[in-house]
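Chain by chain, the residues:
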2 protein chains.
Amino acid sequence: MPRDAAPPRRERLDRDRVLRAAVALADDSGLDAVSMRGLAQHLGVVPMALYKHVADKDELVSGMVDVVLGEIEPPDPALPWKEALRARVLSARRAVLRHPWARRAIEGSTRRTPTVLAHMDAVAGGFRAGGLSPDLTHHVMHALGNRIWGFSPELFEEPAPAEPPSPEQQEAMGREFAQRYPHILEIAVAATRGDLSRVGGGCDEQFEFEFALELLLDGAERLHRAGWASAAR
Amino acid sequence: MPRDAAPPRRERLDRDRVLRAAVALADDSGLDAVSMRGLAQHLGVVPMALYKHVADKDELVSGMVDVVLGEIEPPDPALPWKEALRARVLSARRAVLRHPWARRAIEGSTRRTPTVLAHMDAVAGGFRAGGLSPDLTHHVMHALGNRIWGFSPELFEEPAPAEPPSPEQQEAMGREFAQRYPHILEIAVAATRGDLSRVGGGCDEQFEFEFALELLLDGAERLHRAGWASAAR
DNA sequence: ACCTGAACACCGTTCAAGT
DNA sequence: ACCTGAACACCGTTCAAGT
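From a predicted model like this one, the values you see are computed outputs, not experimental measurements.

This part is about helix α10 (residues 205–225) of chain B. The terminal C-alpha atoms of α10 of chain B lie 30 Å apart, and with 21 residues this matches the ideal 30 Å at 1.5 Å per residue to within 8%. Considering only its buried residues, α10 of chain B is in contact with α7 (134–144) and α10 (205–225) of chain A together with α4 (81–98), α6 (114–129) and α7 (134–144) of chain B.

Here you go:
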């Protein structure tokens with residue numbers, strides 16, 4: 001049998017191809033579709049073949065997150081510090097919104113890859129550029145929490161109801177709510193400008209994100225101007 | 001065969017017994033130990049027996065969260081609004097810290113049970129008692145995010161390293177970091193007061209939580225005093 | 001009304017082998 | 001160096017039956 005028998009049936013795998021395929025699969029079919037077995041099948045390969053390129057499932061997901069974070073654009077260096085930070089965080093948000101599974105992947109991810117550390121370092125650098133102390137920068141970054149990745153927890157997230165509620169159901173729900181949860185009802189009325197049929201539409205997450213971001217950036221600036229230092233130092 | 005043959009081998013299951021057993025199992029062995037099969041075995045019962053008492057896994061976890069949220073103590077009604085809110089949220093925090101799995105369960109949970117809604121309503125009521133508009137209350141609650149449940153995302157969380165790094169490793173790590181992540185290094189130095197061997201100890205989560213909580217409550221009060229209203233109204 | 005048994009369609013990962 | 005096959009020890013859930 002001559003040794004030019006069978007050409008390789010497909011391109012060689014490498015880490016990059018595995019990660020890009022995983023990202024594409026998650027974009028198309030959601031994060032749950034990205035199992036080691038499902039991804040392998042997608043690549044026309046046996047599950048165990050993937051383990052030559054990623055140590056385990058966790059590293060696969062971290063790698064996928066790195067791909068997303070790679071899409072963050074650094075802000076114009078000429079920008080004043082607050083605008084630069086806002087731009088960086090909103091760029092992270094655009095990247096995360098492009099890949100709807102990324103939020104969950106980041107929340108569940110346990111690995112601090114170089115890409116993750118680089119973004120955290122850049123955000124910290126943004127505050128330092130504004131003159132905030134390392135101490136204050138540290139605590140403010142904790143306060144921002146996952147917002148440095150461009151998302152906030154979806155507090156009022158709703159599992160899309162199969163059917164939009166009928167007017168009667170709405171009526172009944174309204175009465176039930178008014179009794180038991182009067183303050184949530186008030187909020188829902190305010191958020192939908194009185195049109196409760198739009199309650200299912202959810203909140204304007206972009207507005208909520210920017211509202212919280214401004215609140216926290218302003219708070220940080222105010223504490224900095226006031227010469228804040230943690231009591232322990 | 002007389003009908004008094006075999007007495008029931010164990011107490012009858014009911015929803016409450018199932019949920020309490022699940023909470024106890026998670027407290028002892030972590031959330032991953034609470035599989036339908038694992039819990040069933042723990043109860044000396046076949047997996048399918050549980051499905052008479054909870055619709056599915058998701059409802060089991062929601063029920064477990066409800067048990068935890070049931071431990072929140074309402075604040076003294078005589079308290080001024082900010083202190084009352086702080087007390088309520090810190091009580092939620094104590095409940096969540098008592099059950100280390102609860103954070104993850106809340107983040108992953110998709111169901112808004114009456115217990116969940118009741119807590120959200122109480123927090124909203126706290127802001128309303130301070131005179132904040134439903135509009136402002138809504139946005140501030142978004143800004144608080146998961147902090148209303150008493151936890152913030154663990155930004156700098158580290159997977160406990162098997163071995164504490166040797167002084168040489170620390171040295172090397174420090175040099176590597178100083179080069180690539182100078183701002184994170186600064187923060188680590190500030191947080192550990194210069195003793196980098198304590199970096200593995202993690203941050204003072206209680207301090208970070210209260211810092212962010214105060215920042216957000218103060219920000220809310222400031223906006224309220226300034227007569228803030230969202231542009232859209 | 002409540003519980004059981006067997007089965008279905010999945011997981012991540014180890015180990016020993018193939019080319 | 002890279003991929004395969006078979007196996008292990010798990011999942012959640014459906015369906016039809018038992019008492």
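Additional details are given in the paragraphs that follow.
Near DNA strand D, the surroundings consist of 17 residues, among which His53 of chain A together with Met36, Arg37, Met48 and Tyr51 of chain B are the closest. Those atoms of DNA strand D that come within 4 Å of the protein belong to sugar or phosphate at a rate of 49%. Lys57 of chain B has a polar backbone atom sitting 3.0 Å from a phosphate oxygen of DNA strand D. For the surface near DNA strand D, a count of residues per class yields eight nonpolar, two polar and seven charged.

Before going further, it helps to examine the packing of aromatic side chains. Under the defined criterion, the tally for this structure stands at six aromatic pairs over all chains. Centroid distance Trp81 of chain A to Phe127 of chain A: 6.0 Å. Interplanar angle 55°. Geometry classified as tilted. Here the residue Trp81 of chain A occupies a position in helix α4 (residues 81–98), and Phe127 of chain A occupies one in helix α6 (residues 114–129), the gap between them amounting to 46 residues. Summarising the burial analysis for this pair, Trp81 of chain A and Phe127 of chain A share the class buried. Put simply, the rings of Phe207 and Phe211 of chain A together with Trp228 of chain B pair up and form one aromatic cluster. One cation-aromatic arrangement involves Arg93 of chain A over Phe209 of chain A; the distance from NZ or CZ to the ring centre is 4.6 Å.

The next thing to look at is empty space enclosed by the protein. Scanning all chains against the criterion turns up two cavities of 30 Å³ or more. Taken as a whole, the largest cavity holds about 70 Å³ of empty space. A class-by-class count of the residues in the lining of the largest cavity yields six nonpolar, four polar and two charged. Empty space within the second largest cavity amounts to approximately 50 Å³. Forming the boundary of the second largest cavity are Glu107, Asn146, Phe151 and Pro153 of chain A together with Glu107, Asn146, Phe151 and Pro153 of chain B. Within the lining of the second largest cavity, the residues separate by chemical class into four nonpolar, two polar and two charged.

Once that is clear, we can look at the side chain of Asn146 of chain B. Tracing the chain through its elements places Asn146 of chain B in the loop between α7 and α8 (167–180). Setting aside its immediate chain neighbours within four residues, Asn146 of chain B contacts Pro153 of chain A together with Glu107 and Phe151 of chain B.

Before going further, it helps to examine the relation of the copies chain A and chain B. For the pair chain A and chain B, the best superposition has an RMSD of 0.0 Å and corresponds to a rotation of 180° with a translation of 0.0 Å parallel to the axis. Such a combination of rotation and displacement between the chain copies is what one expects of a two-fold axis. Looking at the rotation axis and the C-alpha trace of chain A, the residue lying nearest is Gly219 of chain A, at 3.3 Å. A shared binding surface is used by both copies, with 100% of the interface residues of chain A retained as interface residues in chain B.

Quick look at the protein's contact with DNA strand C now. The environment of DNA strand C is made up of 17 residues, and the closest members are Met36, Arg37, Met48 and Tyr51 of chain A together with His53 of chain B. The sugar-phosphate share of atoms of DNA strand C within 4 Å of the protein amounts to 50%. Met36 of chain A has a polar backbone atom sitting 3.0 Å from a phosphate oxygen of DNA strand C. Contact distances for DNA strand C include 3.0 Å between a phosphate oxygen and a backbone N or O atom of Val46 of chain B. Across the surface near DNA strand C, the residue classes tally to eight nonpolar, two polar and seven charged.

With that settled, consider the packing of α10 of chain A against α7 of chain B. Where α10 of chain A meets α7 of chain B, the axes come as close as 9 Å, and the angle between the chain directions of the two elements is 75°. Relative to α7 of chain B, the element α10 of chain A is oriented roughly perpendicular. Packed against α10 of chain A, whose contacting residues are Glu205, Phe207, Glu208, Phe211, Ala212 and Leu215 of chain A, the element α7 of chain B presents Leu136, His138, His139, Val140, His142 and Ala143 of chain B at the interface. Of the residues contributing to the contact of α10 of chain A with α7 of chain B, the split by class is seven nonpolar, three polar and two charged.

If you look at the biggest cluster of nonpolar residues, it comprises 127 residues, and the most contacted ones within it are Leu60 and Phe127 of chain A together with Leu60 and Phe127 of chain B. Setting aside its immediate chain neighbours within four residues, Leu60 of chain A contacts Val18, Leu19, Ala22, Val34, Met36, Leu39 and Val54 of chain A.

A separate point is the interface of chain A and chain B. Each side of the interface is counted separately: chain A has 57 residues, and chain B has 57 residues. Carbon and sulfur atoms supply 68% of the area that chain A and chain B bury against each other, a total of about 5,200 Å² over both sides. Across the contact surface, chain A and chain B share two salt bridges. In this structure, Glu186 of chain B and Arg128 of chain A form a salt bridge, with 2.6 Å as the shortest nitrogen-oxygen distance. Counting the contacts that link chain A with chain B gives 10 residue pairs in polar contact (both at pLDDT 80 or more).

Glancing now at the pattern of salt bridges. Enumeration over the complete set of coordinates arrives at 26 salt bridges over all chains. Residue Glu71 of chain B is joined to Arg98 of chain B by a salt bridge in which the shortest nitrogen-to-oxygen separation is 2.6 Å. On the criterion of sequence distance, the pair formed by Glu71 of chain B in the loop between α3 (57–69) and α4 and Arg98 of chain B in helix α4 is long-range, its members being 27 residues apart. Residue Glu71 of chain B is classed as partly exposed on the basis of its relative accessible area of 26%. Judged by its relative accessible area of 43%, Arg98 of chain B falls in the partly exposed class. For Lys82 of chain B, the salt bridge goes to Asp218 of chain B, with nearest N and O atoms at 2.7 Å. One end of the pair, Lys82 of chain B, is in helix α4; the other, Asp218 of chain B, is in helix α10, and 136 residues separate them in sequence. The exposure class assigned to Lys82 of chain B is buried, which follows from its relative accessible area of 12%. Judged by relative accessible area, which is 29%, Asp218 of chain B ranks as partly exposed. One salt-bridge network, held together by shared partners, links Arg15, Asp56, Asp58, Glu59 and Arg111 of chain A.

Rules used in this analysis
- Residues numbered from 1 in each chain as written.
- Chains lettered and ligands numbered in written order.
- Predicted model: local features only at pLDDT ≥ 70, side-chain atom pairs only at ≥ 80, totals over all residues.
- Heavy atoms only, no water.
- Helix = DSSP H or I, 4+ residues; strand = E, 2+ residues; numbered from the N terminus.
- Expected span 1.5 Å × (residues − 1).
- Contact = heavy atoms within 4.5 Å.
- Near = heavy atom within 4 Å.
- Polar contact = N/O pair within 3.5 Å; in protein donor to acceptor, adjacent residues only side chain to side chain.
- Nonpolar A, V, L, I, M, F, W, Y, C, P; charged D, E, K, R; others polar.
- Phe/Tyr/Trp six-rings, centres within 6.5 Å; stacked < 30°, edge-to-face > 60°.
- Buried < 20%, exposed > 50% of the residue type's maximum accessible area, 1.4 Å probe, protein only.
- Lys NZ or Arg CZ within 6 Å of the ring centre and 35° of its normal.
- 1 Å grid on protein atoms, 1.4 Å probe; cavity = no way out; pocket = protein on both sides within 12 Å on 5 of 7 lines; lining within 4 Å.
- Points joined across faces, edges and corners; volume = space filled by probe spheres on them.
- Least-squares fit on C-alpha atoms with pLDDT ≥ 70 in both.
- Axes fitted to C-alpha atoms, helices over the stretch in contact; angles between N-to-C directions.
- Parallel < 35°, antiparallel > 145°, perpendicular 65-115°, else oblique.
- Core = buried A, V, L, I, M, F, W, Y, C linked by side-chain atoms within 4.5 Å.
- Buried area = accessible area lost by both parts, 1.4 Å probe.
- Salt bridge = Lys/Arg side-chain N within 4 Å of Asp/Glu carboxyl O.

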